[in-house]
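# Results of the structural survey
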Amino acid sequence: MFAADLLKGRAALISGGGTGLGKAIARAFVSCGARVAILGRRELLLAETAAELSAKPADVVPLVCDVRFEDDVEVAVRRAESELGGIDILVNNAAGNFVYPTKLLRPNQFKLIIDTVLMGTVNLTLAIGKRWIDSGRRGTVLNILTTYASTGSAFVVPSACAKAGVENLTKSLGAEWGRYGIRFVGIAPGPFRTEGAIQQLRLREDLIPGVDLMSVAEQRVPLGRFGRPEEVANLATYLISPAADFINGEIVRIDGGEIPYMSGEFCFLDQVAEDQWGGERRRLKRIQE
């Protein structure tokens, strides 16, 4: 499905492209012929990722940028346009999170997440989107969300608020900017095996002694495992490709069924062994008779 020339001649800018899901998406785009600019705050890490993913130096361009600041974003976008000859795809992936009781968070900690996740997405989207509109260039914006953006979640309230804003931005600008030939799509990952996710769980294992939080998290997923970064990358490649050209303002959840399982009223009954249902079968038979 993902031919080597699928994205040939197209250029993408990916925030948070040095690690995790952003890096996996960059790898997938490059393998399909795209040229990519990866944004992040750590220069050495970006350079290492660019060297790892590039078949030739021009394939992946590392750009240091803090998406919270409009001036930083403007400089990065100009450099990306110069290096890549324009931008066709924007992937808003830069994120931050505090897994912590909300009552213990200070206002500036809350603001840090909002500024990075929501305002960072807004800053890049406006900087590139206005250019597309002014020049008549078509484009696609892919926003990386989270499943709790639509459900809410305890202990990650700043992130939940910020991601909910990005989800609404995806739908709203999909409606408003579609007439300019600009598509907006989103991916809402559930639990994925990335460096950041594993670190968040490992750091908190001392809060519940004797409990393996990785195993607990996996048990909530009907498919019985965490997702793999390349699975998000495959979905991302499809959504920004010509094959998905009529998908706009849509969010795709990829979580192995975790959200339906956690929200289902009777899903906990999967703990009942099959041979324990004998009495229930007899009761149902009597009802039918």
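For the structure, see preceding data.
Just so it is clear, the model here is predicted, and its values are computed rather than measured.

## Brief notes about the overall build of the chain
A tally of helices and strands in the chain yields 11 helices and seven strands. For the chain, whose C-alpha radius of gyration is 21 Å, the value lies close to the compact-globule estimate of 19 Å for 289 residues. If one aligns the C-alpha atoms of the chain with their principal axes, the spans along those axes are about 75 × 45 × 35 Å. The proportion of buried residues among the 289 residues of the chain is 45%. Here the contacts in the chain between residues at least 6 apart in sequence split such that 72% fall between residues at least 24 apart. Summing over all exposed atoms, the chain offers an accessible surface of approximately 15,300 Å²; the carbon and sulfur share of this is 54%. Both charge centroids of the chain, one from 34 positive and one from 34 negative side chains, sit 1 Å from each other.

## Describing the packing of aromatic side chains
Summed over the entire model, instances satisfying the criterion amount to one aromatic pair. Aromatic side chains Trp177 and Phe184 sit 5.9 Å apart centroid to centroid with 55 degrees between the ring planes, which places their arrangement in the tilted category. You can call Phe184 buried: its relative accessible area is 0%.

## Focus: unusual backbone geometry
One non-glycine residue with positive phi stands out, namely Phe155, at about 70 degrees. By the secondary structure assignment, Phe155 is in the loop between α5 (148-151) and α6 (157-177).

## Concerning empty space enclosed by the protein
Counting across every chain of the model gives one cavity of 30 Å³ or more. Surrounding the largest cavity, Ser15, Val67, Asn92, Asn93, Ala94, Thr116, Val117, Gly120, Thr121 and Leu124 form its lining. Among the elements that take part in the lining of the largest cavity, helix α4 (residues 107-135) stands out by supplying five residues, more than any other. Class assignment of the residues belonging to the lining of the largest cavity gives a composition of four nonpolar, six polar and no charged.

## Some remarks on the sheet that holds strand β6 (residues 182-189)
With parallel pairing, the seven strands of this open sheet are ordered in space as β3-β2-β1-β4-β5-β6-β7. Each edge of the open sheet is held by one strand with a lone partner, namely β3 (60-64) and β7 (250-254). Averaged over all adjacent pairs, the angle separating strand axes in this sheet is 20 degrees, with direction ignored. Note that strand β1 (residues 11-15) and strand β2 (residues 35-40) share five bridges and pair parallel. Along β2, the bridge assignment pairs Ala11 with Arg35. On top of the sheet, α6 reaches β5 (139-144), β6 and β7; it is set at about 155 degrees to β6, its chief contact. With respect to the sheet, helix α9 (residues 229-240) is in contact with β4 (89-92), β5, β6 and β7, its orientation differing from that of β6 by roughly 165 degrees.

## Thoughts on helix α3 (residues 70-84)
Along its 15 residues, α3 runs 21 Å from first to last C-alpha, staying within 8% of the 21 Å computed at 1.5 Å per residue. One or two residues past the end of α3 sits Gly85, with phi positive at roughly 75 degrees.

## A closer look at the pattern of salt bridges
Summed over all chains, the structure comprises 16 salt bridges. When the shortest N-O distance is used, the salt bridge between Glu74 and Arg131 registers 2.5 Å. Here Arg131 lies in helix α4 and Glu74 lies in helix α3, a separation of 57 residues in the sequence. With a closest N to O distance of 3.0 Å, Glu218 and Arg193 form a salt bridge. Taken together, the positions of Glu218 in helix α8 (residues 213-219) and Arg193 in the loop between β6 and α7 (195-203) put the pair 25 residues apart, joining distant regions of the chain.

## Here's the deal with α4
For α4, spanning 29 residues, the distance from its first C-alpha to its last is 40 Å, which sits close to the expected 42 Å at 1.5 Å a residue. Remark: Gly136 follows α4 within two positions and exhibits a positive phi of approximately 75 degrees.

## Thoughts on the nonpolar core
Soluble globular proteins tend to bury their nonpolar side chains together. Leu13 and Leu124 are the most contacted members of the largest nonpolar core, which has 35 residues in total. Mapped by element, the contributors of at least two residues to this core are β1, β2, β3, α3, α4, α6 and β6. With eight residues, α4 is the largest single contributor of residues to this core. Residues contacting Leu124, with those up to four places away along its chain left out, are Leu13, Ser15, Leu39, Val67, Val73, Val77, Leu90, Asn92 and Gly129. Residues Ile14, Val36, Ile187 and Phe192 belong to the second largest nonpolar core, which totals 32 residues.

## As for the pairing of β5
In terms of burial, β5 is largely enclosed, as six of its six residues are buried. What you see with β5 is no split at all: Gly139, Val141 and Asn143 on one side and Thr140, Leu142 and Ile144 on the other are buried throughout. Judged from the six bridges that link them, β5 and β6 form a sheet pairing that is parallel. Residue pairing for β6: Gly139 is matched across the bridge by Ile182.

Cut-off values and rules
- Residues numbered from 1 in each chain as written.
- Predicted model: local features only at pLDDT ≥ 70, side-chain atom pairs only at ≥ 80, totals over all residues.
- Heavy atoms only, no water.
- Helix = DSSP H or I, 4+ residues; strand = E, 2+ residues; numbered from the N terminus.
- Rg over C-alpha atoms; globule rule 2.2 N^0.38 Å.
- Buried < 20%, exposed > 50% of the residue type's maximum accessible area, 1.4 Å probe, protein only.
- Contact = heavy atoms within 4.5 Å.
- Areas by Shrake-Rupley, 256 points an atom, 1.4 Å probe, with all protein chains shown as cover.
- Lys, Arg positive; Asp, Glu negative; His and termini not counted.
- Charge placed at Lys NZ, Arg CZ, Asp CG, Glu CD.
- Phe/Tyr/Trp six-rings, centres within 6.5 Å; stacked < 30°, edge-to-face > 60°.
- 1 Å grid on protein atoms, 1.4 Å probe; cavity = no way out; pocket = protein on both sides within 12 Å on 5 of 7 lines; lining within 4 Å.
- Points joined across faces, edges and corners; volume = space filled by probe spheres on them.
- Nonpolar A, V, L, I, M, F, W, Y, C, P; charged D, E, K, R; others polar.
- Pairing = 2+ DSSP bridges.
- Axes fitted to C-alpha atoms, helices over the stretch in contact; angles between N-to-C directions.
- Expected span 1.5 Å × (residues − 1).
- Salt bridge = Lys/Arg side-chain N within 4 Å of Asp/Glu carboxyl O.
- Core = buried A, V, L, I, M, F, W, Y, C linked by side-chain atoms within 4.5 Å.

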